[in-house]
Every structure is written in C-alpha cells, then in structure tokens.
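Structural description and commentary
As a plain string of letters, each chain reads:
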Amino acid sequence: MKDILIDDFQYTAQELLVRNKSILDLLTKYQDSNSRVNRAIIKSVTQCGCLTISAHKQEIPEDASFDEMKSSADTHVEGTLCENCRDAIERDMGRNMFYLASLCNAMDLNLYDIILKENDRIRMLGKYNLR
C-alpha cells in the first residue's frame, strides 16, 4: 500500500509539473523549497515562539555503548509546534517532496525504490551507519 501511495505521489507530480521541467529549474526549485522548510522552522522559534532551541555541545561519554550514545544525544528542540507553524512546516515539506519527486521523474528514478534502497542500507549497516 505504501508503495502505491509514493508511486501515486510521484506520478501526480509528473502530471502537474508544467512550467519548470528543466533539470536546472527543478534543482533551484528544490533548493528554494528546502530553504523555505528551514525558514518555517526558524520562524516557529523567532516569531511565534512555540519552539525554542537550546543548543549546546552533545556530551557523550568516551566509553559509551551505542544505546547510551542514542539516549544521551539531544535534539535541542523544546516545546510543541502550534497549529499555524505545523501547517506551514508541513506545507513547505510537502512542496519540497514535490520537487524531489519531480527530480526523480526528470532522471527516470523511482522515489519508492530510492526509499527502499536507503532503508536497506541503513538497516544493513545499523549502528555502523551513524549520521
């Protein structure tokens, strides 16, 4: 079922993309949509205030196990997104996914296959695939 949803999204993106079919246009639109996601997240902190970011150096003991490393790392995000910020971020992330799907279409790649391959890679490498 999930593969149908992703394939349908990619097909719909292909059907609706008319003006910006050039790979150059797609690359710049994808980059622009990514910066809009970043901006929406930042606005939730600086303008709305529903989130706060309390960033500091991650303190992970030298001899920590993998599970201890996972539990001691922090996102630095505090608070909960309000409805307005959630809507804005979801909308911008959706637009970003639209242009990702469009890039896949332009290069004859299947987004679902890419997700499957990456999932296999990260599962196979497990904790040795730390990012």
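Quick note: structure is the one above.
My aim in this report is to walk through the structure given alongside it, one point at a time. None of these values were measured; they are calculated from a predicted model. (Residues numbered from 1 in each chain as written. Predicted model: local features only at pLDDT ≥ 70, side-chain atom pairs only at ≥ 80, totals over all residues. Heavy atoms only, no water.)

What about a nonpolar patch on the surface?
- A cluster of nonpolar side chains, contributed by Ile23, Leu24, Leu27, Met107, Leu109 and Ile114, occupies part of the molecular surface with about 530 Å² of accessible area.
- Counting residues per element, the nonpolar patch draws most heavily on helix H2 (residues 23-48), at three residues.
- Mapped onto the fold, Ile114 is located in helix H5 (residues 111-125).
- The exposure class assigned to Ile114 is partly exposed, which follows from its relative accessible area of 35%. (Patch = residues over 30% accessible without salt bridge, like charges linked within 9 Å, V, L, I, M, F, W, Y side chains within 5 Å. Areas by Shrake-Rupley, 256 points an atom, 1.4 Å probe, with all protein chains shown as cover. Salt bridge = Lys/Arg side-chain N within 4 Å of Asp/Glu carboxyl O. Helix = DSSP H or I, 4+ residues; strand = E, 2+ residues; numbered from the N terminus. Buried < 20%, exposed > 50% of the residue type's maximum accessible area, 1.4 Å probe, protein only.)

Here's the deal with the packing of H2 against helix H4 (residues 83-106)
- Where H2 contacts H4, the axes come no closer than 9 Å and their chain directions differ by 165°. Overall, the two elements H2 and H4 adopt an arrangement that is roughly antiparallel. Here H2 and H4 pass one another in a crossing that is left-handed.
- Broken down by class, the residue content of the contact of H2 with H4 amounts to 16 nonpolar, five polar and four charged. (Axes fitted to C-alpha atoms, helices over the stretch in contact; angles between N-to-C directions. Parallel < 35°, antiparallel > 145°, perpendicular 65-115°, else oblique. Left-handed = near helix turned anticlockwise from the far one by under 90°. Nonpolar A, V, L, I, M, F, W, Y, C, P; charged D, E, K, R; others polar.)

Some remarks on H2
- Between its first and last C-alpha, H2 extends 36 Å over 26 residues, near the 38 Å set by a 1.5 Å rise per residue.
- At Ile42, H2 shows its largest kink, close to 30°.
- Buried within H2 we find Leu26, Ser33, Val37, Ala40 and Ser44.
- At its buried positions, H2 is contacted by strand S1 (51-53) and H4.
- Two residues or fewer past H2, Gly49 is found with a positive phi of approximately 90°. (Expected span 1.5 Å × (residues − 1). Bend = angle between axes of the 7 residues up to and from the residue. Contact = heavy atoms within 4.5 Å.)

Topic: unusual backbone geometry
- Even without being glycine, His76 reaches a positive phi, approximately 70°.
- As for its position among the elements, His76 is in the loop between helix H3 (66-72) and strand S2 (77-79).
- The phi dihedral of Asp108 falls on the positive side, at around 55°, and the residue is not glycine.
- Residue placement: Asp108 occurs in the loop between H4 and H5.
- A residue is classified by how much of its surface remains accessible, and Asp108, at 72% relative accessible area, is exposed.

Some words on the pattern of salt bridges
- Considering all chains together, one arrives at three salt bridges under this definition.
- Measuring nitrogen to oxygen at the nearest pair gives 3.1 Å for the salt bridge that ties Arg36 to Asp32. Of the two residues, Arg36 and Asp32 are both situated in helix H2; the distance of four residues between them amounts to about one turn of the helix.
- With a relative accessible area of 42%, Arg36 lands in the partly exposed category.
- A salt bridge links Arg95 to Asp92, with the nearest nitrogen and oxygen atoms 3.4 Å apart. With Arg95 and Asp92 both in helix H4 and three residues apart, this pair spans about one turn of that helix.
- A relative accessible area of 9% places Asp92 in the buried class.

Details of a negative patch on the surface
- Residues Glu62, Asp63, Asp67 and Glu68 make up a contiguous surface patch of negative charge.
- On the secondary structure map, Asp67 appears in helix H3.
- Judged by relative accessible area, which is 53%, Asp67 ranks as exposed. (Lys, Arg positive; Asp, Glu negative; His and termini not counted. Charge placed at Lys NZ, Arg CZ, Asp CG, Glu CD.)

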